[in-house]
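Close look at the chain arrangement
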Amino acid sequence: MSLNHRTSNRAPLALEVKVRHMGKEMGETCTRNISPFGAFIEMPHPELRPDDFIELYFTDEQQNDALLLQKGLITHCSQEGIGVLFAYDSNEFRQMLHKKMPNKHRSRVFSS
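Residues numbered from 1 in each chain as written. Predicted model: local features only at pLDDT ≥ 70, side-chain atom pairs only at ≥ 80, totals over all residues. Heavy atoms only, no water.

Time to look at the side chain of Ser 35. By secondary structure assignment, the location of Ser 35 is in strand β3 (residues 24-35). Each residue touching Ser 35, except ones within four places of it in the same chain, is listed here: Ser 8, Asn 9, Arg 10, Phe 86, Phe 93, Leu 97 and Val 109. (Helix = DSSP H or I, 4+ residues; strand = E, 2+ residues; numbered from the N terminus. Contact = heavy atoms within 4.5 Å.)

Next comes the structure, spelled out in structure tokens:
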């Protein structure tokens, strides 16, 4: 199966995220869609390439603006941004995502 093929449902959700690659800050941006397993990150004209391993830092307001780290592999790039497959699934990240996900998308996203 190609890495470009999603194995889970994503929901439209704009979350602020800081992107790092090899220790270098790549900027602050937001997600276009997301699931516990991956996301599309808006990055017009990205410097990053498929197979780059990145670190994503999401702000969790529920935890006094703590940054939640999510590592991932870039599966595809376009003029609009990057598709990312998350490297692991953490309970803290799932809880933060569940709180921010609109109710109408929760069952579809969290059941996959």
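With that settled, the discussion passes to the packing of aromatic side chains. For the structure shown, the criterion picks out two aromatic pairs. Their ring planes at 80° and their centres at 5.4 Å tell us that Phe 86 and Phe 93 sit as a pair that is edge-to-face. Side by side, Phe 86 and Phe 93 carry an identical accessibility label, which is buried. Clustering of aromatic rings is evident, with ring pairs tying together Phe 58, Phe 86 and Phe 93. (Phe/Tyr/Trp six-rings, centres within 6.5 Å; stacked < 30°, edge-to-face > 60°. Buried < 20%, exposed > 50% of the residue type's maximum accessible area, 1.4 Å probe, protein only.)

Further remarks concern the pairing of strand β5 (residues 53-60). Side-chain positions along a regular strand alternate between the two faces of the sheet. The pairing of strand β2 (residues 16-21) with β5 spans four bridges and is classified as antiparallel. By the bridge assignment for β5, Val 19 is matched with Leu 56. Examined bridge by bridge, β5 and strand β6 (residues 66-77) share eight bridges and lie antiparallel to one another. Looking across to β6, one finds that Phe 53 is bridged to Leu 73. (Pairing = 2+ DSSP bridges.)

Right, let's get into the confidence of the model for the chain. For the chain, per-residue confidence averages 87 on the pLDDT scale, and 91% of positions sit at 70 or higher. When pLDDT is averaged over each element of the chain, strand β4 (residues 38-42) comes out on top at 96 and helix α2 (residues 103-110) at the bottom at 81. (pLDDT = per-residue confidence, 0-100.)

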